Every structure is written in C-alpha cells, then in structure tokens.
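# Overview (structure and organization)
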Amino acid sequence: LTLQGGALAITGDGSNAATLTETGAGILTIATADDFVVDAGGDINLDAEGGDIRLKAAGSTFGTFTNNSQDFQIIAATNDKDIVFKGFDNGTGITALTLDMSEGGNATFAGSITAGNDITAPGDLSVRDITATGGDIILGGTGRIQGIDTVSASTDAANKAYVDTQVASAGS
C-alpha cells in the first residue's frame, strides 16, 4: 500500500497493482492491471448527477445510459454501430433483436413479433409470409395491395378478385 501525489496504490504480490487517483478536478480514477469486480451483498447504485453513465473501452465511449428529463435513453455512441440484444434459447446463443443505426434504427427481430393491439405504419408497410389467426387484416385509407398480381392457382385468382372487390368498395 503506497500513497504518492494523490494516488493510492494497492498490491497483493508487488506486481498486480490497483491504483486510485484523485485529480485536482475531483475526478477519481480506479485503474487495475486486470478485471475490476464490484460485488455487494445488497444493491449496487450508480448515481450520476450529470445524467450520463458512459461505457468505454480503451478510453473511447461506445455507449451511454442517459437520464434526459427522466426518459431513460440507451445510446450507441459510435457512428453507424448497432444496439444488439442477445440471449440464450434452450442453451443456444441467439441475437433476439438488432437496432441498426446505419439504417435509421431499423429493427430486425430473430423471431415473431407479437402485438397486443394494432400495428400501425405511417407510410408503406411491407409484409412477407403474413398469417392472421382469429382476426382480420384491415386495410384503411386509399392504399392498395401490391404484389399479388401474379397468380399461380385458381384459388389465388379467386382471392385476388375478392380482395380487389373489397378494396374498390371500401374506397367508394
């Protein structure tokens, strides 16, 4: 244990030191040669009066947790880098959700999306392999269905004709 010029060094074997340094600006830095573990028998609280908790690697910020007027913001701080939610499904690692920042925040889900109510799109809505179980697919406004012009069987033709009739009558 040594104290020199505002720095406290702690070492167990003389080589793997942990150093606590206070600068004149009131900034406390804890530096270790290896991992840094915070282990509490109770809760761990991070309380930042400035509103930001920054996540850094080698001095560069890659993410930030921010309190903005009590809104909890999660920020990917590196340009065009994604926010990725990962977990385990029956022992296998999966990427459940990717928010693609290079594409304006587009969301890619690994599985199905379940909504307890309506799904609303202010612009065009592109859907592939749609299934509606126990409910209706409702088209509002003056929009039209595209992509079913090519029919491959008589049932497809009948369904297309029915949908075209319904859309036409809804618009009048």
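Everything below is about the structure printed above this text.
Residues numbered from 1 in each chain as written. Predicted model: local features only at pLDDT ≥ 70, side-chain atom pairs only at ≥ 80, totals over all residues. Heavy atoms only, no water.

## Points about the layout of surface pockets
Space inside the second largest pocket adds up to approximately 330 Å³. If you trace the second largest pocket, you find it lined by I27, L28, T29, I30, T32 and F36. A per-class count over the lining of the second largest pocket returns four nonpolar, two polar and no charged. (1 Å grid on protein atoms, 1.4 Å probe; cavity = no way out; pocket = protein on both sides within 12 Å on 5 of 7 lines; lining within 4 Å. Points joined across faces, edges and corners; volume = space filled by probe spheres on them. Nonpolar A, V, L, I, M, F, W, Y, C, P; charged D, E, K, R; others polar.)

## Structural notes on the sheet that holds strand 5 (residues 52–57)
Sheet strands line up and pair through hydrogen bonds in the backbone, either parallel or antiparallel. If you trace the three strands from one edge of the open sheet to the other, you get 5-6-7, paired in antiparallel fashion. At either end of the open sheet lies a strand with only one pairing partner, and these are strand 5 and strand 7 (71–76). Pairs of neighbouring strands in the sheet enclose a mean axial angle of 10 degrees, with direction left out of account. Pairing of strand 5 with strand 6 (residues 60–68) involves six bridges; the strand directions are antiparallel. Residue pairing across strands places K56 opposite T61, the latter belonging to strand 6. (Pairing = 2+ DSSP bridges. Helix = DSSP H or I, 4+ residues; strand = E, 2+ residues; numbered from the N terminus. Axes fitted to C-alpha atoms, helices over the stretch in contact; angles between N-to-C directions.)

## Examining the pairing of strand 7
Relative to strand 7, strand 6 is paired through six bridges, and the arrangement is antiparallel. For N68, the partnering residue across the bridge sits in strand 7 and is D71.

## Looking at the pattern of salt bridges
Applying the stated criterion across every chain yields a total of one salt bridge. Across the pair R54 and D52 runs a salt bridge, and its minimum N-O distance is 3.7 Å. A relative accessible area of 53% places R54 in the exposed class. Since its relative accessible area comes to 28%, D52 is described here as partly exposed. (Salt bridge = Lys/Arg side-chain N within 4 Å of Asp/Glu carboxyl O. Buried < 20%, exposed > 50% of the residue type's maximum accessible area, 1.4 Å probe, protein only.)

## Quick word on unusual backbone geometry
One non-glycine residue, A58, adopts positive backbone phi at about 55 degrees. Among the structural elements, A58 can be located in the loop between strand 5 and strand 6. With relative accessibility at 90%, the residue A58 sits in the exposed group. Not every positive phi belongs to a glycine, and D80 is a case in point at roughly 65 degrees. In this structure D80 comes out as partly exposed when scored by relative accessible area, which is 43%.

## What to know about the side chain of T64
Counting through the fold element by element, T64 comes out in strand 6. Exposure remark for T64: the relative accessible area of 11% places this residue in the buried category. Here T64 is in contact with D52, I53, R54, Q73, I74, I75 and A77, once residues within four sequence places are set aside. (Contact = heavy atoms within 4.5 Å.)

## Quick look at the sheet that holds strand 3 (residues 17–22)
The antiparallel open sheet is built from four strands, whose spatial order is 1-2-3-4. This sheet does not close on itself; its edge strands, each paired only once, are strand 1 (2–4) and strand 4 (28–32). Along the sheet, successive strands turn relative to each other by an average axial angle of 15 degrees, direction set aside. Direction of pairing for strand 2 (residues 7–11) relative to strand 3: antiparallel, over a ladder of five bridges. Within the sheet, the bridge partner assigned to L8 lies in strand 3 and is L20.

## Concerning the environment of A48
Assignment of secondary structure puts A48 in the loop between strand 4 and strand 5. For the pair formed by A48 and T66, sequence separation is 18 residues and the distance between their alpha carbons is 9.4 Å.

## Regarding the pairing of strand 3
The pairing of strand 3 with strand 4 spans five bridges and is classified as antiparallel. Counterpart to E22 in the pairing with strand 4 is L28. Between strand 3 and strand 4, which follow one another and run antiparallel, lie five residues, and G26 among them has a positive phi close to 85 degrees.

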